[in-house]
Amino acid sequence: MFTRIQSGSGPVDTTRSPHARLQTLGPQEVAVKAGFWADRRAVNRAVSLRHGFEMLEKAGNFHNLRLAAGLSEGPYRGRNFLDSDVYKWLEAVAWELGNQKDAGLQSLADGAIALIAAAQRPDGYLNSYYQTVEPAARWQNLDHGHELYCAGHLFQAAVAFQRALGDQRLLDIACRFADHICSLFGPGQREGACGHPEIEMSLVELYRATGEARYLEQAQLFIDRRGRRKMGGLGPYGPEYHQDHLPVRDVSEATGHAVRQMYLASGATDLYLETGEPALLEAMQRLWQDVAGSKTYITGGLGSRYDGEAFGDPYELPSDQCYCETCAAIGGFMWNWRMLLATGEARYAGEMERALYNNILASPGLDGRHYFYMNPLMLRAARFLRLSDNPPGAEQFVPVERPEWHSVACCPPNVMRLLASLGHYLATHDARGVQIQHYAPADIACELAPGRRVGLRVATAYPWDGAIRVEISEADGGPWELALRPPEWCSAATVAVNGEKSEAPLVRAGYVRLERAWRVGDVVELSLPMEPVLIEPNPRVDATRAAVAIQRGPLVYCLEDRDQEVAGRLPDIEIDVRQPLRARWQDDLLGGVMLVEAAGRYRDPQPWDGRLYRQVGAMGAPAGVSARLLAVPYYAWANRGIGGMRVWLPRAD
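Residues numbered from 1 in each chain as written. Predicted model: local features only at pLDDT ≥ 70, side-chain atom pairs only at ≥ 80, totals over all residues. Heavy atoms only, no water.

Observations concerning the overall build of the protein
Link 1 in the chain: Along the backbone of the protein there are 14 helices and 23 strands.
Link 2 in the chain: For 653 residues, the compact-globule estimate of 2.2 N^0.38 gives 26 Å, and the protein sits close to it at 25 Å.
Link 3 in the chain: Once the C-alpha set of the protein is aligned to its principal axes, its extents read approximately 80 × 70 × 50 Å.
Link 4 in the chain: Going through the 653 residues of the protein one by one, you find that 60% of them count as buried.
Link 5 in the chain: A fraction of 70% describes how many contacts in the protein between residues 6 or more apart in sequence connect residues 24 or more apart.
Link 6 in the chain: Carbon together with sulfur atoms contributes 49% to the accessible area of the protein, which is approximately 24500 Å² in total.
Link 7 in the chain: In the protein, the 68 positive side-chain charges and the 79 negative ones have mean positions that sit 1 Å from each other. (Helix = DSSP H or I, 4+ residues; strand = E, 2+ residues; numbered from the N terminus. Rg over C-alpha atoms; globule rule 2.2 N^0.38 Å. Buried < 20%, exposed > 50% of the residue type's maximum accessible area, 1.4 Å probe, protein only. Contact = heavy atoms within 4.5 Å. Areas by Shrake-Rupley, 256 points an atom, 1.4 Å probe, with all protein chains shown as cover. Lys, Arg positive; Asp, Glu negative; His and termini not counted. Charge placed at Lys NZ, Arg CZ, Asp CG, Glu CD.)

See the structure below:
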């Protein structure tokens, strides 16, 4: 038998990982107190989690589990992976209950856990689709069956209940299922791996939660079995769709299904954190350079092709036809977190920030009840918006808002669990001190070593304001290091300690590092000048060459048609890059936002007279009408109805 390790950590626990440079903090060690993220987490708690339960009931997810438990009758509803959405929702509930007790949410969770326990087979197997629709086909379609994928999400939910609440019920269910899987797919047993990576990182986390070495061994086996080109793929995509085209240690570029790629990379990085195998880290660093250097949207979106939900070629980043699935951005966030823990390098936190404030946050509507699955950077009109699916029987569906749910509903509960566990990602520590990775009003406290407890209180209006105030709230009298991450978008950060500016602070691995014998009441102030700027793309990105985007702090901006002086003319807009940008706060718009105004013009389309092409210079200098352009944060678009929108703006001649 194994010992279940009591841990206060969050979704990833590296407190015992021998090859982690940084250690994670748990739900009880970081408390988000107010501000931008507290507001969104409050909506997630009060609205989204309850809405998610209603949608899971309406869509048939709970019905399917009742069928498997023998508690209901009727046909199975939906696709074969619907159990996974229940598990992600449960994980979100666990982290939220760890943040604050809630009798209503606890009751919903109790009912769901009891239902899952009733559905589990005596041998540990658990999957409502194969128990009720194709019982003879268990484990027969690893490419598309999603059995291991669903199991992985169950394991993550179980770990969340253990760590956030000390609740072992779901962990008992998860371990019985994991033992069943190991008995079938372990050493000397059946060869195979899941067509949708997820279980790899989940098994590593289950190992961290229980100390059961078989789970780590099974994770490595699943990773080692990839790259044999046995998986069939989907449509025009071959084994790369399933991440079976190359052995994991040989990869150098991102290809195939973007979510699958990010989840597999997360699992491989988790495996490195436990084993220290150099080939794994080297492969992940090559992969990261390809993704961050040529396949990431300015919003942090991943996946340029609707077909196959896939990565494209280097610099293939179209604004209007991109996929940018919410789950892919969350997968990238998860992978960058693990790379940060493995290396201690701030650049990974920078990529997390890019995705979090833009692509990920654009998915949920401000009401917490509606979600985008895909996140384009340009939309000419509502009728052109691509959704995960359109309502049955709709010949021409024109959306007016984000859908409240999806037939493939992976994204909404994924957003819920990330928001509920967000405090986990704000800070890390090592033996030297504490590193603040992301800025939000929060209380942070941890032990650097047994008996060495330190505490911080962070105050900020980030992302609207770049002033960060950190007050030491606990100290032990000895020296330790406080590390602050100046974001990549800021080139003029300054630091002051107790009112005295530090002229040449130590900077290492992307952090400003301040070491001293801190005393309670000491104050560190990090100033990040936050003026709106224009961003230009690498000229190899053909789709946006000669265009610019507006960014202020971590937030990317967009133009919505409804805010411009002339409706329906977004395709004709050009921005005058010689004129300054002006930011102004609008308290009564979109929950309170910083707007950015720019000067530009509407290019006159009349000289083209319906022609698609013409000889250069045939019509002389282009004519246009001057215009004031108004930009809103990208995350807030489509909250007043869906209409034209664009992030990249052509430059005026």
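What follows picks up the thread again.
Quick look at the packing of aromatic side chains
Link 1 in the chain: The tally for this structure, following the rule as stated, stands at 27 aromatic pairs.
Link 2 in the chain: Geometrically, the ring pair formed by Phe-36 and Tyr-357 is tilted, given 5.8 Å between the ring centres and 35 degrees between the ring planes. Within this pair, whereas Phe-36 is found in helix α1 (residues 35-59), its partner Tyr-357 is found in helix α13 (residues 346-362), the two being separated by 321 residues in sequence. Each member of the pair, Phe-36 as well as Tyr-357, carries the same accessibility label: buried.
Link 3 in the chain: Measuring from centroid to centroid gives 6.1 Å for Tyr-323 and Tyr-373, while their planes differ by 80 degrees, and the two rings are edge-to-face. Placement of Tyr-323 in the loop between α11 (278-294) and α12 (326-343) and of Tyr-373 in the loop between α13 and β3 (378-379) is noted, with a sequence separation of 50 residues between them. Each member of the pair, Tyr-323 together with Tyr-373, is buried.
Link 4 in the chain: Ring pairing ties together the aromatic residues Phe-36, Trp-37, Tyr-357, Tyr-439, Tyr-462, Trp-464, Trp-489, Trp-585 and Tyr-635, which thus form one cluster.
Link 5 in the chain: One residue, Arg-138, lies across the ring of Tyr-125, its end atom 3.8 Å from the ring centre. (Phe/Tyr/Trp six-rings, centres within 6.5 Å; stacked < 30°, edge-to-face > 60°. Lys NZ or Arg CZ within 6 Å of the ring centre and 35° of its normal.)

Considering the side chain of Ser-128
Link 1 in the chain: Topologically, Ser-128 is positioned in helix α5 (residues 128-132).
Link 2 in the chain: A polar side-chain atom of Ser-128 sits 2.6 Å from a polar atom in the side chain of Asp-83.
Link 3 in the chain: Aside from chain neighbours lying at most four places away, what touches Ser-128 is Asn-64, Leu-65, Ala-68, Tyr-76 and Asp-83. (Polar contact = N/O pair within 3.5 Å; in protein donor to acceptor, adjacent residues only side chain to side chain.)

With respect to the sheet that holds strand β6 (residues 442-449)
Link 1 in the chain: Across the sheet, seven strands lie side by side as β2-β6-β7-β8-β14-β10-β11; this open sheet has antiparallel pairing. Sheet topology places β2 (30-32) and β11 (500-502) at the edges, where each strand pairs with a single neighbour. Taken over all neighbouring pairs, the strand axes of this sheet differ in orientation by 25 degrees on average, direction set aside.
Link 2 in the chain: Judged from the four bridges that link them, strand β10 (residues 494-497) and strand β14 (residues 523-527) form a sheet pairing that is antiparallel. From the neighbouring strand, Ala-496 faces β14, where its bridge partner is Glu-525. (Pairing = 2+ DSSP bridges. Axes fitted to C-alpha atoms, helices over the stretch in contact; angles between N-to-C directions.)

Thoughts on the environment of Trp-405
Link 1 in the chain: For Trp-405, the position within the fold is in the loop between β3 and α14 (411-420).
Link 2 in the chain: The class of Trp-405 is buried, set by a relative accessible area of 13%.
Link 3 in the chain: Along the backbone, Trp-405 and Arg-369 are 36 residues apart, and their C-alpha atoms lie at a distance of 8.3 Å.
Link 4 in the chain: Setting aside residues up to four positions removed in sequence, Trp-405 forms contacts with His-51, Gly-52, Met-55, Leu-56, Ala-59, Pro-412, Pro-413 and Met-416.

Thoughts on the packing of helix α3 (residues 83-99) against α14
Link 1 in the chain: Orientation of α3 relative to α14, taken along the N-to-C sense of each, is 20 degrees, at an axis distance of 8 Å. Judged by the inter-axis angle, α3 sits roughly parallel to α14. α14 is crossed by α3, and the crossing has left-handed handedness. Contacts between α3 and α14 involve Asp-85, Lys-88, Trp-89, Glu-91, Ala-92, Trp-95, Glu-96 and Asn-99 from the first element and Pro-413, Asn-414, Met-416, Arg-417 and Ala-420 from the second. (Parallel < 35°, antiparallel > 145°, perpendicular 65-115°, else oblique. Left-handed = near helix turned anticlockwise from the far one by under 90°.)

Digging into the pairing of β14
Link 1 in the chain: The pairing of strand β8 (residues 467-474) with β14 spans five bridges and is antiparallel. Each bridged residue has a counterpart across the sheet, and for Glu-471 the counterpart in β14 is Val-523.

Some words on the side chain of Thr-428
Link 1 in the chain: On the secondary structure map, Thr-428 appears in strand β4 (residues 427-429).
Link 2 in the chain: When its relative accessible area of 0% is taken as the criterion, Thr-428 is described as buried.

Thoughts on the pattern of salt bridges
Link 1 in the chain: As enumerated under the stated definition, the model contains 50 salt bridges in all.
Link 2 in the chain: Put simply, Asp-102 and Arg-45 hold a salt bridge, and the shortest N to O gap is 3.8 Å. In this pair, Asp-102 is assigned in the loop between α3 and α4 (103-119) and Arg-45 in helix α1, connecting sequence segments 57 residues apart.
Link 3 in the chain: With a relative accessible area of 11%, Arg-45 lands in the buried category. (Salt bridge = Lys/Arg side-chain N within 4 Å of Asp/Glu carboxyl O.)

Side note on the packing of helix α7 (residues 169-185) against helix α8 (residues 199-210)
Link 1 in the chain: In the contact formed by α7 and α8, the axes pass within 12 Å of each other and the chain directions differ by 120 degrees. It follows from the interaxial angle that α7 and α8 lie oblique. When the axes of α7 and α8 are compared, the crossing they make is left-handed. Contacts between α7 and α8 involve Leu-171, Ala-174, Cys-175, Ala-178 and Ile-181 on the former and, on the latter, Ile-199, Leu-206 and Thr-210.
Link 2 in the chain: The residue inventory of the contact of α7 with α8, partitioned by class, reads seven nonpolar, one polar and no charged. (Nonpolar A, V, L, I, M, F, W, Y, C, P; charged D, E, K, R; others polar.)

Focus: unusual backbone geometry
Link 1 in the chain: Across the junction of Tyr-462 and Pro-463, the peptide omega takes the value 10 degrees, indicating a cis bond.
Link 2 in the chain: Residue position: Pro-463 is located in the loop between β7 (452-460) and β8.
Link 3 in the chain: A positive phi is found at His-146, a non-glycine position, where the angle reads about 65 degrees.
Link 4 in the chain: Residue placement: His-146 occurs in the loop between α5 and α6 (147-165).
Link 5 in the chain: Even without a glycine there, the phi angle at Glu-309 is positive, about 45 degrees.
Link 6 in the chain: Within the element layout of this structure, Glu-309 appears in the loop between α11 and α12.
Link 7 in the chain: When its relative accessible area of 17% is taken as the criterion, Glu-309 is described as buried.

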